[in-house]
Amino acid sequence: MSRAMNVNATEAEVTRICLEKGAIISAIENLPCGGTRVVFTSGDAATAMRATFGSKLISGPVARTAFQQAR
């Protein structure tokens, strides 16, 4: 199972809930269409947070902001 998920919530909300549940975030980004993409450090944390976010999970593909690496 993937450690990444898209959630229909703000980055601040996702961060707060993950902190409360003890789920460690590896990467997080705002989605241009609204919502947040979050990647966890472990599959177990991702599984637990899928249950926590439940109906707030965004299913299907979503648009993401292009990553630009600093030179």
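For the structure itself, consult the block above.
So, here is what we can say about the structure in this document. Here the structure is a predicted model, which is why all the values come from computation and not from measurement. Per chain, residue numbering runs from 1 following the sequence as it is written. Since the coordinates come from a predicted model, pLDDT governs what is reported: local features require at least 70, and pairs of side-chain atoms require 80 or more to be given and counted, while whole-chain, interface and lining totals use all residues. The basis for every side-chain value is the complete set of heavy atoms in the structure, and neither hydrogens nor water enter the calculation.

### Thoughts on helix H1 (residues 11-21)
Given 3.6 residues per helical turn, the α-helix brings residues three or four places apart onto the same face. Categorising residues by exposure relies on relative accessible area from a 1.4 Å probe, with only protein chains included: less than 20% of the type maximum marks a residue as buried, more than 50% marks it as exposed, and the intermediate range marks it as partly exposed. Secondary structure follows DSSP: runs of H or I at least 4 residues long count as helices, runs of E at least 2 residues long count as strands, and numbering of each begins at the N terminus. Of all the positions in H1, only Val-14, Ile-17 and Cys-18 are classed as buried. The arc that holds every buried residue of H1, seen down its axis, measures 100°, which confines them to one face. Those residues of H1 that are exposed and angled more than 90 degrees off the buried face are Ala-12, Leu-19 and Glu-20. A contact between two residues is defined here by any heavy atoms of the two lying within 4.5 Å. Close packing links the buried residues of H1 with strand S1 (4-7), strand S2 (25-30), strand S3 (36-40) and helix H2 (43-53). This arc corresponds to the set of directions leading from the helix axis out to the C-beta atoms.

### Concerning the side chain of Asn-6
Structurally, Asn-6 is set in strand S1. Setting aside residues no more than four positions away along its own chain, Asn-6 makes contact with Leu-31, Thr-36, Arg-37, Lys-56, Leu-57, Ile-58, Gly-60 and Val-62.

### So, the sheet that holds S3
Note on pairing: two strands pair once DSSP finds at least 2 bridges between them. Strands sit in the order S1-S3-S2 across an open sheet of three strands; the sheet is antiparallel. Of all the strands in the sheet, the pair left with one neighbour each is S1 and S2. The sheet shows a mean angle of 20° between the axes of neighbouring strands, taken without regard to direction. Bridge analysis of S1 against S3 gives four bridges, and the strand direction is antiparallel. Looking across to S3, one finds that Ala-4 is bridged to Val-39. Strand contacts of H1: S1, S2 and S3, with the helix running at about 160° to S2, the strand carrying the most contacts. Lying on the sheet, H2 is in contact with S1 and S3; it crosses S1 at an angle near 15°. Every axis in this analysis is a line fitted to C-alpha atoms, fitted for helices over the stretch in contact. Angles between the N-to-C directions lie between 0 and 180 degrees.

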